[in-house]
Amino acid sequence: MKILLTGAGGQIGHDLIGSLSAAGHSVTSTDLAPRPPSHAHASGAAWLGLDVTDAAATEALFEKVKPDLVFHLAAILSARGEKDPKLAYDVNQTGTWNVLEACRKAGVSRLIFTSSIAVFGPPPSGPLPDPTPDDVALHPTTMYGVTKVAGELLCAYYTKKFNVDCRGVRFPGLISAAMPGGGSSDYALFMYVDAVRKGGYDAFARNDTRIPLMYMPDGVRALLELAMADRERLTRSIYNIAAFSPRADEIAASVQRAIPEAKFTYSPDPRRQSILDSWPKSLDDSAARRDWGWKPKYDLDAMTDDLVPRVRRMLELGAILSTH
Ligand code: AKB
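Calculation notes
Residues numbered from 1 in each chain as written. Predicted model: local features only at pLDDT ≥ 70, side-chain atom pairs only at ≥ 80, totals over all residues. Heavy atoms only, no water. Buried < 20%, exposed > 50% of the residue type's maximum accessible area, 1.4 Å probe, protein only. Helix = DSSP H or I, 4+ residues; strand = E, 2+ residues; numbered from the N terminus. Pairing = 2+ DSSP bridges. Right-handed = clockwise from strand over helix to strand, strands pointing away. Axes fitted to C-alpha atoms, helices over the stretch in contact; angles between N-to-C directions. Contact = heavy atoms within 4.5 Å. Parallel < 35°, antiparallel > 145°, perpendicular 65-115°, else oblique. Left-handed = near helix turned anticlockwise from the far one by under 90°. Nonpolar A, V, L, I, M, F, W, Y, C, P; charged D, E, K, R; others polar. Salt bridge = Lys/Arg side-chain N within 4 Å of Asp/Glu carboxyl O.

1. Here's the deal with the pairing of strand β5 (residues 110-116)
- The buried count for β5 comes to 6 of 7 residues, which makes it a mostly enclosed element.
- Strand direction decides the pairing type here: β5 and strand β6 (residues 165-171), joined by 7 bridges, are parallel. Each bridged residue has a counterpart across the sheet, and for I112 the counterpart in β6 is R167.
- For the handedness criterion, the β-α-β arrangement of β5, helix α5 (residues 143-162) and β6 is classed as right-handed.

This is the structure we're talking about:
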């Protein structure tokens with residue numbers, strides 16, 4: 001299958017490109033930035049420069065590549081988006097519009113949209129239900145969340161109106177052995193990275209912070225399984241997917257199983273903490289389980305066991321690359 005990725009230089013692209021190439025697909029990776037050194041493992045896949053805010057360039061590239069399937073990953077995440085809401089609007093909102101239009105014009109039949117738990121926020125009537133189901137009133141508190149809600153609606157609109165089969169997942173905070181970029185959920189990954197490289201971490205979140213999280217291999221598998229699911233089995237465009245929802249101090253305890261000397265402290269940053277507090281504590285993903293058989297493989301400790309050696313390798317490789 002001919003597959004095109006937008007925003008391939010990010011955390012999801014890093015793992016998704018590898019899985020797609022290993023499965024024998026022809027992959028075109030696109031991003032505003034050149035291929036990062038961390039993506040050297042995917043050097044067999046084509047890498048093209050693309051700014052999704054440029055409608056003409058996006059259409060021309062989709063017309064040239066004519067992909068069968070597109071994974072739209074380009075986005076400015078929640079914390080960075082609050083620093084520059086206009087940039088978040090341009091990339092996430094206009095960029096998604098441009099990608100959908102490019103799919104429609106180039107006859108791309110299937111598009112995978114990556115939404116987020118950031119679409120949720122506390123409704124005026126009280127806290128979000130726990131677990132939070134797919135269909136609650138959406139009250140995002142960040143520009144990232146606002147644009148993801150609009151993207152979800154556009155996705156359903158293009159499916160109905162123009163037959164671009166757009167489907168997607170609402171990702172929890174994703175954790176992998178790659179440096180994250182500008183998310184509020186980044187505290188969770190830094191508990192691993194800084195435990196390995198510095199012997200501990202001063203988290204920007206309270207110790208009792210609890211949001212849905214997922215290990216990247218499960219996240220990538222969810223994208224692939226949803227992409228390949230029969231349309232007839234899907235009862236909605238966008239699905240909640242869940243894995244585990246630990247408190248920050250439970251993540252610390254899990255890391256200490258692998259690195260007993262690691263020390264953790266908590267200095268909540270009010271801006272990022274208020275974003276984290278606005279998100280669901282856990283998700284109800286029963287529709288994804290029912291419609292396309294979604295099931296996570298990793299719980300918190302299984303992730304820790306797999307991730308710690310990978311973070312060690314990532315940091316060693318980074319040190320090697322930076323001295324050459
Ligand atoms: C973020 O923190 O902004 C992202 C997300 C949960 O979508 N990781």
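2. Things to note about the sheet that holds strand β10 (residues 238-240)
- Strands sit in the order β3-β2-β1-β4-β5-β6-β10 across an open sheet of 7 strands; the sheet is parallel. In this open sheet, the two strands that pair with only one neighbour each are β3 (46-49) and β10. Adjacent strand axes in the sheet meet at a mean angle of 20°, parallel and antiparallel pairs treated alike.
- Here 4 bridges tie strand β4 (residues 69-72) to β5, and the two strands are oriented parallel to one another. Looking across to β5, one finds that H72 is bridged to F113.
- Helix-sheet contacts for helix α2 (residues 55-65) involve β1 (2-6), β2 (26-31), β3 and β4, and the interaxial angle to β1 is about 160°.

3. A short note on the environment of F171
- Here F171 is to be found in strand β6.
- With a relative accessible area of 4%, F171 lands in the buried category.
- A sequence separation of 52 residues divides F171 from L223, and the C-alpha atoms of the two residues are 9.9 Å apart.
- Beyond its immediate stretch of four places on either side in the chain, F171 contacts I12, T114, S115, S116, I117, G219, L223 and I241.

4. Regarding the packing of helix α6 (residues 186-198) against helix α8 (residues 248-258)
- Closest axis-to-axis distance for the α6/α8 pair is 10 Å, and the angle between their directions is 25°. With respect to each other, α6 and α8 are oriented roughly parallel. Once α6 is placed against α8, the crossing between them reads as right-handed. Here Y187, A188, M191, Y192 and A195 of α6 come into contact with α8, specifically with A248, I251, A252, S254 and V255.
- For the contact of α6 with α8, the class distribution of residues is 9 nonpolar, 1 polar and no charged.

5. Structural notes on the pattern of salt bridges
- In the structure shown here, the tally under the stated rule is 25 salt bridges.
- The partner of D165 in a salt bridge is R110, and the shortest N-O contact between them spans 3.4 Å. You can see D165 sitting in strand β6 and its partner R110 sitting in strand β5, a full 55 residues away along the chain.
- Close ionic contact of D218 with R221 constitutes a salt bridge, the shortest N to O distance being 2.8 Å.

6. A closer look at unusual backbone geometry
- A cis geometry characterises the amide bond from D130 onward to P131, with omega recorded as 5°.
- One can find P131 in the loop between β5 and α5.
- Residues other than glycine seldom take positive phi values, yet N163 does so here, at roughly 60°.
- Relative to the helices and strands, N163 resides in the loop between α5 and β6.

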